[in-house]
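Per-entry structural report
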Amino acid sequence: MTVQLPSEIVVERFLPTIRSMLAAELADRGFPQREIADRLGVSQAAVSQYLSGEGTTEERFASDSRAQETVERIAEGFDAGTLDDYEALAELLDLVRTFEDRGPICAIHEEEMPALAGMGCDLCVRGRDRAVQAEREVLSNVRHAVRRLSNTPGVATHVPNVGTNVAMALPGATDETDVAAVPGRIHAMRGGLNVPSNPEFGASHHVATTVLAAVSAESSIRGALNLATSDRLLEAVPAEMDVVAFDADYENRRERLDGHFADGVPRVIYHEGAFGIEPITYVLGTSAVDAVDRAVDLISRIEN
């Protein structure tokens, strides 16, 4: 991964582009190259290079109307004597801040650092956002958990017909939008697992309901996944691990789970199904990875 500061983009791409634009604007207004050089803080040779078109420019800055308007405003102020160097600097800093707030500097930064892509990164403008950091950590945890589950031999035989999902809640989660899971669920396919897409918040209902009930009762229990209930799976649960059965009906399920979790959250809960409802077992953990590790251990006990 390449770590690049946005200030590097400002120095290496923004500043040469703006200087080139200003040099051209001032030259059009009759400024001699020596005076342009003094204004821009560069050598006369550099100004000559700008004016000959040999300088390096970034088209996304040069074509932006906000950059063009700022350059024209500065050049006009210099020409009329109504703008000094301090005020010109203030204009350029305002432009930099504008470009760093979901602007072309952001776009270039995402290209240089793919880890930022799609994040709506606001680091430059608002500093470190703890909420965004927490979301990233949860999504990363779910991705790792899904990868671990997918690489487990024999797991496909324990995936319900309706599919399985791996979920994890944010700290203090209160509704489904605070729970990350895989959209469309994970299904068994040709002896393996088909994972349709990367995890997103708000992508689960039933597993999310279980996680939300758990985190409400015990804040450290934030991860879960569902498997198909079977005698073999339940018999594989170690004696020291709590197992609780609950009613399969969807109606008021959250309230009933709250009741089951009132005296502590078990690591395995299950139901035997009902009309139109497939028997499901939920394995819970402190994170998505922890829940999957527990489930993998159960599956390995069966397979071995």
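Residues numbered from 1 in each chain as written. Predicted model: local features only at pLDDT ≥ 70, side-chain atom pairs only at ≥ 80, totals over all residues. Heavy atoms only, no water.

**Details of the overall build of the protein**
The number of helices and strands found in the protein is 13 helices and nine strands. What you see for the protein is a C-alpha radius of gyration of 29 Å, clearly larger than the 19 Å of a compact globule of 304 residues, by over 25%. Summarising its shape, the C-alpha atoms of the protein cover approximately 90 × 40 × 35 Å along the three principal directions. Split into buried and exposed, the 304 residues of the protein put 44% on the buried side. Within the protein, contacts between residues separated by at least 24 positions form 66% of all contacts whose residues are at least 6 apart in sequence. (Helix = DSSP H or I, 4+ residues; strand = E, 2+ residues; numbered from the N terminus. Rg over C-alpha atoms; globule rule 2.2 N^0.38 Å. Buried < 20%, exposed > 50% of the residue type's maximum accessible area, 1.4 Å probe, protein only. Contact = heavy atoms within 4.5 Å.)

**Some thoughts on the pattern of salt bridges**
Following the criterion strictly, the structure yields 15 salt bridges and no others. Among the salt bridges present, the one from Arg-301 reaches Asp-297, with a minimum N-O distance of 3.0 Å. Separated by four residues within a single helix, Arg-301 and Asp-297 lie in helix α13 (residues 288-303), roughly one turn from each other. Relative accessible area serves as the criterion here: at 45%, Arg-301 is assigned to the partly exposed category. Accessibility expressed as a relative area gives 31% for Asp-297, which makes it partly exposed. Connected through salt bridges with shared partners, the residues Arg-13, Glu-58, Arg-60, Glu-111 and Glu-112 form a single ionic network. (Salt bridge = Lys/Arg side-chain N within 4 Å of Asp/Glu carboxyl O.)

**Some remarks on the confidence of the model for the protein**
Of the residues in the protein, 94% have a pLDDT of 70 or more, and the chain-wide mean is 91. Of all helices and strands in the protein, the one with the weakest mean pLDDT is helix α8 (residues 123-126) (63), whereas strand β1 (residues 166-169) scores best (98). (pLDDT = per-residue confidence, 0-100.)

**Things to note about the pairing of strand β8 (residues 268-271)**
Regular strands place their side chains on alternate faces of the sheet. Residues Val-268 and Tyr-270 line one face of β8 and the alternating positions Ile-269 and His-271 line the opposite face, and both faces are buried. In the sheet, strand β7 (residues 243-245) pairs with β8 via three bridges, with the strands oriented parallel. Looking at the pairing, Val-244 lines up with Ile-269 of β8. Once you follow β7 into helix α12 (residues 253-260) and on to β8, the crossover reads as right-handed. Two elements, β8 and strand β9 (residues 280-285), share four bridges in a ladder whose sense is antiparallel. Note that in β9 the partner of His-271 across the bridge is Ile-280. (Pairing = 2+ DSSP bridges. Right-handed = clockwise from strand over helix to strand, strands pointing away.)

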